[in-house]
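Here is what each chain is made of, one letter per residue.
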Amino acid sequence: MAEPPSSTPVNNAPDQSPTAEIAPEVASEIASGAQGNAARQMLGMKGAKAGETSIWKIRLQLMKPITWIPLIWGVVCGAASSGHYRWSLEYVLIAAACMLMSGPLLTGYTQTINDFYDRDIDAINEPYRPIPSGAISIPQVVVQILVLLVGGIAVAFALDRWAGHSFPTITALAVGGSLVSYIYSAPPLKLKQNGWLGNYALGASYIALPWWAGHALFGTLTWKIVVLTLFYSLAGLGIAVVNDFKSVEGDRQMGLKSLPVMFGVTTAAWICVLAIDIFQGGVAAYLMAIHQNLYAVLLVLLIIPQITFQDMYFLRDPLGNDVKYQASAQPFLVLGMLVTGLALGHTAL
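Reading the values: the criteria
Residues numbered from 1 in each chain as written. Predicted model: local features only at pLDDT ≥ 70, side-chain atom pairs only at ≥ 80, totals over all residues. Heavy atoms only, no water. Helix = DSSP H or I, 4+ residues; strand = E, 2+ residues; numbered from the N terminus. Contact = heavy atoms within 4.5 Å. Areas by Shrake-Rupley, 256 points an atom, 1.4 Å probe, with all protein chains shown as cover. Axes fitted to C-alpha atoms, helices over the stretch in contact; angles between N-to-C directions. Parallel < 35°, antiparallel > 145°, perpendicular 65-115°, else oblique. Left-handed = near helix turned anticlockwise from the far one by under 90°. Nonpolar A, V, L, I, M, F, W, Y, C, P; charged D, E, K, R; others polar. Salt bridge = Lys/Arg side-chain N within 4 Å of Asp/Glu carboxyl O. Buried < 20%, exposed > 50% of the residue type's maximum accessible area, 1.4 Å probe, protein only. Phe/Tyr/Trp six-rings, centres within 6.5 Å; stacked < 30°, edge-to-face > 60°. Expected span 1.5 Å × (residues − 1). Bend = angle between axes of the 7 residues up to and from the residue. Polar contact = N/O pair within 3.5 Å; in protein donor to acceptor, adjacent residues only side chain to side chain.

Caption draft 1: Focus on the overall build of the protein chain. When helices and strands are tallied, the protein chain shows 14 helices and 0 strands. For the protein chain, the sequential pattern of α-helices and β-strands runs α-α-α-α-α-α-α-α-α-α-α-α-α-α. Contacts spanning at least 24 positions in sequence make up 70% of the contacts within the protein chain whose residues lie at least 6 apart. For the protein chain, the computed accessible surface area is about 16800 Å², with 67% contributed by carbon and sulfur atoms.

Put into structure tokens, the structure is as follows:
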């Protein structure tokens, strides 16, 4: 039977490696950490490490799959608010196509073009990202941007054809959203240079745009839905501000006026949480006004744990706990979006 590892080299052989005598549990932790870093890298999360060599995995990393989830969820909320979604194989497949457009294709386009124009900032804040690390060439990035953009608009056009739209509403949303993504990242406008405009554009892109697409696909997009979701996007502004805390130093050096740079970390953290809470509360008040009281109460109950996590994590250490706060609180925010969508579907707005 094999002897268990010990601190004494077997047969008095010299220890050739500093890891030769690592305990099994420590080795397991190291392996687990390596796997965790690989997963974070692939999802495009903060704290990843460089080293991936597969061009397809690098392309996926540029697209930041972790950011697709809110857009996919927004389509679900829009389908719910339309009041006309039904559970059939055809509708499920069409909804999945809309999610493909909103998530992997157009959000992937948005994230790739953002990395393209942020490569100098990322060299300071996140040097492990594919472009500043040299893992992918600029021409390869440009091709990826174009393929994702054309693919997203093509799917949008096909969805308009399926829905029988006389005006290509979903295609217009795809083109308009792509334009917002471009001016958000690219000079001369580069909306992200302004903490207010940039973060609201980001919040609206993550909440309102996919919601409109899902609603228009299965129903008729009305001005009431447009206004309400734009109002809801002000809570998304707060979520977008959370992402600014990881890049304060780089933003300051590059002259970007993010809220943490303009107001300081503490004040920006308060602006962030107040936006998240107040505008969700405003939506709950609106649901009460249209006599959707049960849904309004459910939305309020989903706001409470967000406030709890804001106090536990984010307000105490915005720089250190931004990811932990997002992981803890955002599930309640997105569930609140679905609650709102279901309420609106019942009123057939």
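Caption draft 2: Representation of the packing of helix α4 (residues 89-117) against helix α6 (residues 138-163) in the model. Between α4 and α6, the shortest axis-to-axis distance is 9 Å and the interhelical angle comes to 155 degrees. Viewed along their axes, α4 and α6 adopt a mutual orientation that is roughly antiparallel. As α4 runs across α6, the sense of the crossing is left-handed. Looking at side-chain class alone, the contact of α4 with α6 contains 21 nonpolar, 5 polar and 1 charged residues.

Caption draft 3: View of the pattern of salt bridges. Applying the stated criterion across every chain, the model contains 6 salt bridges. A salt bridge links Arg 129 to Asp 115; the nearest nitrogen and oxygen atoms lie 2.8 Å apart. One end of the pair, Arg 129, is in the loop between α5 (119-125) and α6; the other, Asp 115, is in helix α4, with 14 residues separating them in the sequence. Look at Arg 129 and you get buried, because its relative accessible area is 1%.

Caption draft 4: Spotlight on unusual backbone geometry. Put simply, Pro 187 and Pro 188 share a cis peptide bond, and its omega is 10 degrees. Along the chain, Pro 188 turns up in the loop between α7 (169-185) and α8 (195-218). One non-glycine residue, Lys 64, adopts positive backbone phi at about 45 degrees. With respect to the helices, strands and loops of the structure, Lys 64 is situated in the loop between α2 (55-63) and α3 (68-82). Of note, His 291 is a non-glycine position whose phi angle comes to about 70 degrees, a positive value. Along the chain, His 291 turns up in the loop between α12 (265-289) and α13 (293-314). Given a relative accessible area of 66%, His 291 falls into the exposed group.

Caption draft 5: Spotlight on the packing of aromatic side chains. Counted by the stated rule, this structure contains 15 aromatic pairs. Measuring from ring centre to ring centre gives 5.2 Å for Tyr 85 and Trp 87, while their planes differ by 90 degrees; the resulting arrangement is edge-to-face. We classify Trp 87 as exposed; its relative accessible area is 76%. Centre to centre, the rings of Phe 116 and Tyr 117 are 4.9 Å apart; their planes meet at 85 degrees, and the pair counts as edge-to-face. By relative accessible area, Phe 116 is classed as buried at 13%. A relative accessible area of 28% places Tyr 117 in the partly exposed class.

Caption draft 6: Quick look at α6. With 26 residues, α6 should reach 38 Å at 1.5 Å per residue; the first-to-last C-alpha distance of 38 Å fits that figure. Those residues of α6 not exposed but buried are Val 141, Gln 144, Ile 145, Leu 148, Gly 152, Val 155, Ala 156, Leu 159 and Asp 160. Of the surrounding elements, those touching the buried residues of α6 are α2, α4, α7 and α8.

Caption draft 7: Looking closely at the environment of Lys 64. The class for Lys 64 is buried, based on a relative accessible area of 12%. Placed 43 residues apart in sequence, Lys 64 and Thr 107 show a C-alpha to C-alpha distance of 8.5 Å.

Caption draft 8: Looking closely at helix α9 (residues 223-242). Between its first and last C-alpha, α9 extends 29 Å over 20 residues, near the 28 Å set by a 1.5 Å rise per residue. By the largest-angle criterion, Ala 235 marks the main kink of α9, which is about 30 degrees.

Caption draft 9: Spatial organisation of the packing of α12 against helix α14 (residues 318-347). Relative to each other, α12 and α14 sit at 15 degrees, their axes nearing to 11 Å. With respect to each other, α12 and α14 are oriented roughly parallel. Judged by the sense of rotation from one axis to the other, the crossing of α12 with α14 is left-handed. Between α12 and α14, the residues in contact are Val 265, Ala 269, Ile 276, Gln 280, Val 283, Tyr 286 and Leu 287 and Pro 318, Leu 319, Tyr 325, Leu 333, Thr 340, Ala 343 and Leu 344, respectively. Per-class residue counts for the contact of α12 with α14 are 12 nonpolar, 2 polar and no charged.

Caption draft 10: Representation of the side chain of Gln 111 within the structure. On the secondary structure map, Gln 111 appears in helix α4. One polar contact links Gln 111 to Tyr 206, side chain to side chain, over a distance of 2.9 Å. Among residues more than four places away in sequence, those in contact with Gln 111 are Leu 62, Met 63, Lys 64, Thr 67 and Tyr 206.

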